[in-house]
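Descriptive structure summary
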Amino acid sequence: MKILVLGVGNILLGDEGVGVHLCRQLQCNYAFSGQNLDFMDGGTMAQALIPWIVEYEKILLLDCVSVAGASVGEVFCFDFANIPPNITWAGSAHEVEMLQTLKLTALMGDLPPTTIIGLIPKIVPDSTTFNLSPAMLEGAQTAKAKALEILQAWGVTATPKPKPLGLQEIANHSYRIAL
């Protein structure tokens, strides 16, 4: 089975880049076996991702979401086919475009089963930063554990590598090709 772990977000806006950072943290800190697994930094590309998305049998999407009354760092996990009504996915341009991208791909009949792990970001309006908020760093631990649980249910075995990298360390170097 071909599985894609897709991290989405703007790495220049602090918490907004958590999907990309989590994707990279999984890729850097674990050796995976059991299925054909790929990792992709989707950045803010949205519709440009469609040619890649349709090539997979399952997608695990890591991103930010908006939920009325939720706290920064809270984690929500759901299947795209059953988006809870309290998930608005509104808050930044990339999130709206990603939702539209998934809907368009589903409308064409090409969207593989897609599970979303979404975190509530602290919005940083007018400043560029690689720093993640303490609440996001805490929530990301829950999101990482959930991602590993989902991958295991899909037949993927994850073996931790020695000397794991922390999420903030990954975020600090996210603009580099290799860590």
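Residues numbered from 1 in each chain as written. Predicted model: local features only at pLDDT ≥ 70, side-chain atom pairs only at ≥ 80, totals over all residues. Heavy atoms only, no water.

1. Examining the pattern of salt bridges
So the rule is basically this: Throughout this description, the term salt bridge denotes a Lys or Arg side-chain nitrogen within 4 Å of a carboxyl oxygen of Asp or Glu. Each helix is a run of H or I in the DSSP string that is no shorter than four residues. Each strand is a run of E no shorter than two, and both are numbered from the N terminus.
Taken as a whole, this structure holds 1 salt bridge when the rule is applied. Between K146 and E149 there is a salt bridge; the shortest N-O distance is 3.0 Å. With K146 and E149 both in helix α4 (residues 134-153), this residue pair falls 3 residues apart, about one helical turn.

2. Structural notes on helix α1 (residues 18-29)
Where we set the bar: Expected helix span is computed as 1.5 Å times (number of residues minus one). Buried means the residue's accessible area, taken with a 1.4 Å probe over protein chains only, is under 20% of the maximum for its type, while exposed means over 50%, and partly exposed covers the values in between.
Taking 1.5 Å per residue, 12 residues should reach 16 Å; α1 reaches 16 Å between its end C-alpha atoms and fits that length. Restricting attention to buried positions, one finds in α1 the residues V18, G19, V20, H21, L22, C23, R24, Q25, L26 and N29.

3. Focus on the environment of I11
Rules: Residue contacts are counted whenever heavy atoms from the two residues lie within 4.5 Å of one another.
By secondary structure assignment, the location of I11 is in the loop between β1 (2-8) and α1. When its relative accessible area of 17% is taken as the criterion, I11 is described as buried. Sequence spacing of I11 and T44 is 33 residues, and the spatial spacing of their C-alpha atoms is 9.2 Å. In contact with I11, other than residues within four places in its own chain, are G17, V20, H21, T129, F130, S174 and Y175.

4. Description of the sheet that holds strand β3 (residues 36-43)
Convention followed: Strand pairing is assigned whenever DSSP detects at least two bridges linking the two strands. The axes used here are C-alpha line fits, helices contributing only the stretch in contact, and every angle between their N-to-C directions lies in the interval 0 to 180 degrees.
Across the sheet, 5 strands lie side by side as β3-β1-β4-β6-β5; this open sheet has mixed pairing. Whereas interior strands pair on both sides, the edge strands pair on one side only; in this sheet they are β3 and β5 (75-79). Across the sheet, the mean angle separating the axes of adjacent strands is 15° when strand polarity is ignored. The pairing of strand β4 (residues 58-64) with strand β6 (residues 114-119) spans 6 bridges and is parallel. Following the sheet pairing, L60 is matched in β6 by T115. The sheet contacts of α4 involve β1, β3, β4, β5 and β6, and relative to β6 the element is tilted by about 165°.

5. Overview of the packing of aromatic side chains
The test is simple: Each Phe, Tyr or Trp ring (for Trp, its six-membered ring) is paired with any other whose centre lies within 6.5 Å, and the angle between the two planes then decides the class: stacked below 30 degrees, edge-to-face above 60, tilted in between.
Considering all chains together, one arrives at 2 aromatic pairs under this definition. Aromatic side chains Y30 and F32 sit 6.0 Å apart centroid to centroid with 45° between the ring planes, which places their arrangement in the tilted category.

6. Quick look at a nonpolar patch on the surface
Condition: Candidates for patches are residues over 30% relative accessible area with no salt bridge; among them, like charges are joined within 9 Å and nonpolar side chains (Val, Leu, Ile, Met, Phe, Trp, Tyr) within 5 Å. Areas reported as accessible are Shrake-Rupley estimates using a 1.4 Å probe. Residue values count occlusion only from the protein chains shown.
A cluster of nonpolar side chains, L104, L107 and M108, forms an exposed patch at the surface whose accessible area comes to about 310 Å². Note that L107 resides in helix α3 (residues 93-107). You can call L107 exposed: its relative accessible area is 72%.

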